[in-house]
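# Chains, contacts and geometry: an overview
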Amino acid sequence: MAAGYLDILRARHAARLLTGTLVGRLPNGTAHIAIVLFTRAEGGSYTLAGALAAVYGLATAVGQPLLGRAVDLYGQPRVQLPAAVLSALGMALLAVAGFGSLPLAYAAVVVAGVFTPPLEGGLRALWPSVLGSEERVHRAYAMDAVAQEVMFTIGPLLVTLLVSLWSPAAALLVINAIGVLGALSVVLSEPSRTWRSAPREAHWLGALRSRGLLALLGSFFFVGMALGSITVAGVAYADDHGRESVYGWLMAALGLGALIGGALYGARQWSGPPERRLRVIVALLALGYLPLMLTPGVVAMTVLAAVAGVFLAPAIACSFIVVDRHAPRGTVTEAFSWLVTTFGVGAAAGTAVAGPAVELGGTAWSFAVAGAGGVAALIVLLSTGRVLAVPGHSAVAVRGPGGGRDDAVEPGLGQGRQA
C-alpha cells in the first residue's frame, strides 16, 4: 500500500503540488471555525457568527466554478495567485476592521469567499501531466482525498493553537498568509506554469452542459447533505451525554474511518467502469450512515462513526474519476470546482435540516437526515445510470513516440497538456 503512494510522491513535482495545494486550502478548510472564534472574541453573538460563516460558504460556492472556468481559459498562475491574495485581503480586512461596521464585515467575508482559489480542481487537472499513467492518476485521486481528511483534522487544531498563543484576529491573519504561500508554491511550479487546458467549445453552461456531470453533482449534493447533518447530530449526541469531548471523539472516528478507507481504496488497482464502482461505494456509504440512528452508548457510537466514515474518501476519489470522464473538453478545472461547490452546498443544507430535526424528533432524527442523504445519493446514481454509462470521452492514456512524461496525452484524465 505505502509503496504505491511513495511512487506517486517520488514523481517530479508531485509532493510539492500536493503539499502546496493543501497549505493553500488551509484558509478555506478553517474559515468557519476561525470566523466563529473571531466573532465571539469581538463580542458578537452566535447568530452573527453563524451568519458570517454561512455568507462565506455561499460566496465560496459561487466563486469556485467561476474561478475554475477562468483557470481553464487563462491558465493557473493568472487566476490562482491573484485570487489567493484577494481572499487573504478580505479576511485581513475582517480581522483589522472588526465589527465597527457590519456591512463592511459582511463585504470582507464575501470577498474572502468569492476569491478562494480553486486549488483542488487545479491540482486534479495537473495530475495527468505530472504522473503520466491512468493507474497512478487514480491512485493520486485517492491520496488527494485522504490528504483532505488530514487537512480538515489538523487545520482546526492549528487555528485553536494560534488563538491560544495570540488571538483570533492573529489566527485569521496567519492562516491566510500561510494560504497565500501555499498557492504561490503551486503556481511557481513548472507543471502549473506550463499547463494549458484543452481547446473548449464556447458555451455559456460550460461544464454543466454534460448530463453525466449533472447526474454526479446531483448525487454528491446529497452526500454533502449527509456529512453536513452529522456535524449537527454529533453535537446533539454529545449534549445528550453531557460531555463536549464526545463530539470530538465522534468527528475523529469519522475522519479516521475516511483515512483508512481512502488509503485502502487507493492501494488497489480497480477494473471496470468507475460509474458502476461508484454506485457500489455510495450504497455502502449509505448503509454505514443508517445505523447511526440507533444512537447507542459512546463507545459503540464511536465505532459506528468510524465505520460510517470508511467509504467517504473512496466515494470522493471515485467521483474524481467520473468527473474527469464526463467533463466536456477544456472544462476540467471548472468541472472539479462544481463538485466542490455542490458538495459544500449540500453540507450547508444538511446542517440546516439537521437542526430542526433535533428539535422535532431528537438526536436520532438528526442522524436520520444523514441516512436519508446517503440513500438519496444512491437513488440519483441508480436513476441516472444510463446517462452515466456514456462518458464524454475515453479514459485511455496515450503516449507520444518518445514515451517521455512531457509527451503524455491523457484524453480521459485531465484534459490538460504541457505547453
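No experiment lies behind these values; they were computed from the predicted model shown.

### Section: unusual backbone geometry
For residues besides glycine, phi is generally negative; the peptide bonds are generally trans as well. In the Ramachandran plot, His 13 falls in the positive-phi region, its phi being about 80° despite a non-glycine side chain. Tracing the backbone through its elements, the reader meets His 13 in the loop between helix H1 (2-10) and helix H2 (14-24). A positive phi angle is found at Thr 295, which is not glycine, with a value near 40°.

### Things to note about the packing of helix H11 (residues 211-240) against helix H16 (residues 332-361)
The contact between H11 and H16 brings their axes to 6 Å, and the two run at 40°. Taken together, the axes of H11 and H16 are oblique relative to one another. Handedness of the H11/H16 crossing: right-handed. Along the lines of polarity and charge, the residues of the contact of H11 with H16 split into 19 nonpolar, nine polar and no charged.

### As for the confidence of the model for the protein chain
Close inspection of predicted coordinates is inappropriate for parts of the model with low pLDDT. Per-residue confidence for the protein chain gives a mean pLDDT of 86; residues scoring 70 or more make up 91%. Across the protein chain, the element-wise mean pLDDT spans from 32 in strand S3 (residues 408-409) up to 97 in helix H5 (residues 77-97). Under a pLDDT of 50 for its full length, residues 394-419 has, in the predicted model, 70 contacts with residues more than four places off or in other chains.

### Here's the deal with the side chain of Arg 139
Here Arg 139 is to be found in helix H8 (residues 134-165). Relative accessible area serves as the criterion here: at 12%, Arg 139 is assigned to the buried category. When sequence neighbours within four positions are dropped, the list of residues in contact with Arg 139 reads Gly 4, Tyr 5, Ile 8, Gly 266 and Ala 267.

### With respect to helix H14 (residues 298-309)
With 12 residues, H14 extends 16 Å between its outermost C-alpha atoms, agreeing within 8% with the 16 Å of an ideal straight helix rising 1.5 Å per residue. For H14, the full list of buried residues reads Val 298, Met 301, Thr 302, Ala 305, Ala 308 and Gly 309. One side of H14 carries all its buried residues, which in axial view fall inside an arc of 120°. As for H14, its buried residues are in contact with H11, helix H12 (245-267), helix H13 (274-289), helix H15 (312-326) and helix H17 (363-383).

### Side note on a nonpolar patch on the surface
A cluster of nonpolar residues, Val 280, Leu 284, Leu 287, Leu 290, Met 293, Val 375 and Ile 379, forms a patch on the protein surface that exposes about 550 Å² of accessible area. Going through the elements one at a time, H13 and H17 are the ones with two or more residues in the nonpolar patch. Examining the composition of the nonpolar patch, we find that three residues originate from one element, H13, more than from any other. For Val 375, the position within the fold is in helix H17.

About the criteria used
Along each chain, residue indices are assigned from 1 in the same order as the chain's sequence is written. Residues qualify for local features only when their pLDDT is at least 70, as the model is predicted, and side-chain atom pairs are given and counted only at 80 or more; totals for whole chains, interfaces and linings, by contrast, use all residues. Heavy atoms from the whole structure form the basis of all side-chain values; hydrogens and water molecules are not counted. Secondary structure elements are defined from DSSP: runs of H or I of at least 4 residues count as helices, runs of E of at least 2 residues count as strands, and each element is numbered from the N terminus. An axis is simply a line fitted to the C-alpha atoms; with a helix, the fit covers only the stretch in contact. Between two such axes, the angle follows the N-to-C directions and lies from 0 to 180 degrees. Convention used here: angles under 35 degrees read as roughly parallel, angles over 145 as roughly antiparallel, angles from 65 to 115 as roughly perpendicular, and any remaining angle as oblique. By the definition used in this description, the sense in which the near helix is turned from the far one sets the handedness, with an anticlockwise turn below a right angle giving left-handed and a clockwise turn giving right-handed. Asp, Glu, Lys and Arg are counted as charged, while Ala, Val, Leu, Ile, Met, Phe, Trp, Tyr, Cys and Pro are counted as nonpolar; the rest, among them Gly, fall into the polar class. Confidence per residue, as judged by the predictor, is encoded in pLDDT with a range of 0 to 100. We call two residues in contact when some of their heavy atoms are within 4.5 Å. Three exposure classes are used, based on accessible area relative to the maximum for each residue type with a 1.4 Å probe and protein chains only: buried under 20%, partly exposed in between, and exposed over 50%. The span you would expect from a helix comes to 1.5 Å times its residue count less one. The directions considered for the arc are those from the helix axis to the C-beta atoms. Surface patches are defined over residues having more than 30% relative accessible area and no salt bridge, joining like charges when they lie within 9 Å and nonpolar side chains (Val, Leu, Ile, Met, Phe, Trp, Tyr) when within 5 Å. Accessibility throughout is a Shrake-Rupley quantity obtained with a 1.4 Å probe, and a residue counts as covered only by protein chains that appear here. Basic side-chain nitrogens of Lys or Arg form a salt bridge, by our definition, when they fall within 4 Å of a carboxyl oxygen of Asp or Glu.

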